[in-house]
Amino acid sequence: MLSPSEIKIVLEAALLAAQEPLPIPEMRKMFDEEIDGDILRRLLEELREDWKERGAELVVSAGGWRFRTRVSFQKYLERIHPEKPPRYSRAVLETLAIVAYRQPVTRGDIEEIRGVTVSTEVIKRLEERGWIDVIGHKEVPGRPALFATTKAFLDDLGLRSLQELPPLEEIARTLELTPTQTPATQSAPDEPATAQASPV
Amino acid sequence: MREAAQRDGTVSSTPGAVPAAMLLAKVHGEPFTDLPQDLYIPPDALEVFFETFEGPLDLLLYLIRKANIDILDIPMARLTEQYMEYVEVMRTKNLELAAEYLVMAAMLMEIKSRLLLPQPAALREDEHDPRAELVRRLVEYEKMKLAGQKLDALPQLGRDFLPVEIWAEQTLAHRLPQVDIVDLQEAWRSLLVRAKMTQHHRVSREELSVRAHMSLILRRLRSGGFTEFGELFDPTRGVPVLIVNFLAVLELVRENLLEVTQSEPYAPIYVKLANAQSE
């Protein structure tokens, strides 16, 4: 029977060596004895505390827990990591936002919102990145594909679920410093269409 | 503080930088939100300007925000006019005009005309605001546009942080076969068996070695006479050589090539060639 501090060190080793986020059910497999998920969670929080002053941080996202470098050090690291991912165009970002906040959507839905045809290039880019996926088809003539965001999308942005997406902006009536508060004009804060939260 | 110049001459202050949506160009690092009216703009630059728009909705939003128009109460005539101005510029400069721009132009015209046409009072109550759909689309698009920017601002794997992976020596992951003590004993036994078999070969080699010594002894004794037994051996050459020599002597005796005599017990032993002429 391992002591809590021993369990914690095993968790640390597993997380350091992991190539992908590690969810709690996976962590439990490492031990002979049954360890309660809550205990593991408590130890992981402790581990997170332990690493507070270090170059990497322990974070939790949809896929599980992972160690990652701190954003504040990226400017140093990127000098020795030349493969920098290119910046995404507005078209890509707008499409991604539509899929994220209005999923599941068809290509046609995306076009309707953006007011322009969606290029195959944009969809492909997001699919290749692993951020969007075809999760089905709409039962209408043509059976268009329905797109949704993936778990990898949440992991890559450090989000635990779609609930953690930044809330949609309240629309200002005019370009004022603050949006007006009159009920007739203010639109309610939007929530993402579906929740994909899973306990980690 | 940056100031945004408005068409009607008033100036409104916005804290911080000009929103990206309003930005036309930067000259010497200074952002420009309006095309100077009297400046000649070469067609290529105009193309760049229009390429910054993602479509007609984007352009309309730009116009609405630029003119500080109330999006929920759009003056259709004014907006349509401005929109058509821009579309016309695009057309005259022979820029590639996406079909959607023209579709939107038609839509705006239609809305405008619906608003202008006098409606019987009864119908007007039932009828929706012809602008409603357009407003809905503009609001939705702007939400998504801003959401896209916010998503891009989130820390992103690869761009803002990297995953931590320590180098785990993968070859160690190959499970080495389990070795049991029984296996070791078995291996040792087969080794001994093999050693015995090779010993056999070694014996044959020694037989040759015995023969070699026999020849040596015979050569030594050819000079004739008796030689004391001990003189045939060289202890400095080690025990195996002694043994081989002794075997050689015995073999010679057996083949009747050597005579070994001893006058009495514990007396020195003498050897001589059996058919030696010496006496």
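Attention in this report is confined to the structure presented alongside it. (Residues numbered from 1 in each chain as written. Chains lettered and ligands numbered in written order. Predicted model: local features only at pLDDT ≥ 70, side-chain atom pairs only at ≥ 80, totals over all residues. Heavy atoms only, no water.)

Some details on the overall build of chain B
- A tally of regular secondary structure across chain B gives eight helices and seven strands.
- Within chain B, the proportion of its 279 residues that are buried is 33%. (Helix = DSSP H or I, 4+ residues; strand = E, 2+ residues; numbered from the N terminus. Buried < 20%, exposed > 50% of the residue type's maximum accessible area, 1.4 Å probe, protein only.)

Overview of the pattern of salt bridges
- As enumerated under the stated definition, the model contains 33 salt bridges over all chains in all.
- The salt bridge involving Arg114(B) is made with Glu110(B); its shortest N-O contact spans 3.1 Å. Of this pair, Arg114(B) and Glu110(B) both sit in helix H4 (residues 99-116), four residues apart, which is roughly one turn of the helix.
- On the accessibility criterion, Arg114(B) (33% relative accessible area) is partly exposed.
- Note that Asp160(B) is salt-bridged to Arg159(B), the shortest N-O span being 2.9 Å. By the burial criterion, Asp160(B) is buried, and Arg159(B) matches it.
- Through salt bridges with shared partners, one network takes in Arg90(A), Glu94(A), Arg114(A), Glu54(B), Asp58(B) and Lys145(B). (Salt bridge = Lys/Arg side-chain N within 4 Å of Asp/Glu carboxyl O.)

Brief notes about the interface of chain B and chain A
- The partner chain A presents 55 residues to the 48 residues of chain B that form the contact.
- In this assembly, chain B packs against chain A so that about 4,700 Å² is buried in total across both faces, 59% of it on carbon and sulfur atoms.
- At the boundary of chain B and chain A, one finds six salt bridges.
- The salt bridge partner of Arg90(A) is Asp58(B), with a shortest N-O separation of 2.6 Å.
- Remark: the boundary between chain B and chain A carries 14 residue pairs in polar contact (both at pLDDT 80 or more).
- Every element with two or more residues in the side of chain B that touches chain A is listed here: strand E2 (11-14), helix H2 (56-66) and helix H6 (132-153) of chain B.
- Tallying contributions element by element places H6(B) first for the side of chain B that touches chain A, with 16 residues.
- The class makeup of the residues in the side of chain B that touches chain A is 22 nonpolar, eight polar and 18 charged. (Contact = heavy atoms within 4.5 Å. Buried area = accessible area lost by both parts, 1.4 Å probe. Polar contact = N/O pair within 3.5 Å; in protein donor to acceptor, adjacent residues only side chain to side chain. Nonpolar A, V, L, I, M, F, W, Y, C, P; charged D, E, K, R; others polar.)

Some points on the sheet that holds strand E4 (residues 132-137) of chain A
All names here are of chain A.
- Taken in spatial order, the three strands make up an open sheet running E3-E5-E4, and their pairing is antiparallel. In this open sheet, the two strands that pair with only one neighbour each are strand E3 (105-106) and E4.
- Taken together, the two bridges between E3 and strand E5 (residues 145-149) define a ladder with antiparallel strand orientation. Looking at E5, one finds that Val-105 is bridged to Phe-147.
- Running over the sheet, helix H7 (residues 120-129) touches E4 and E5 and is turned about 105° from E4. (Pairing = 2+ DSSP bridges. Axes fitted to C-alpha atoms, helices over the stretch in contact; angles between N-to-C directions.)

Here we look at helix H1 (residues 4-17) of chain A
Residue and element names in this part refer to chain A.
- Under the 1.5 Å per step criterion, the end-to-end length of H1 is 20 Å for 14 residues, consistent within 8% with the ideal 20 Å.
- Listed as buried for H1 are Ile-7, Lys-8, Leu-11, Ala-14, Leu-15 and Leu-16.
- Against the buried residues of H1 lie helix H2 (24-28), helix H3 (37-50), strand E1 (56-61) and strand E2 (64-69). (Expected span 1.5 Å × (residues − 1).)

Comments concerning H2(B)
All names here are of chain B.
- Counting buried residues along H2, eleven of its eleven residues qualify, which places the element largely inside the surrounding structure.
- Here H2 has its buried residues at Pro-56, Leu-57, Asp-58, Leu-59, Leu-60, Leu-61, Tyr-62, Leu-63, Ile-64, Arg-65 and Lys-66.
- Directly after H2, the chain includes Asn-68, whose backbone phi takes a positive value near 60°.

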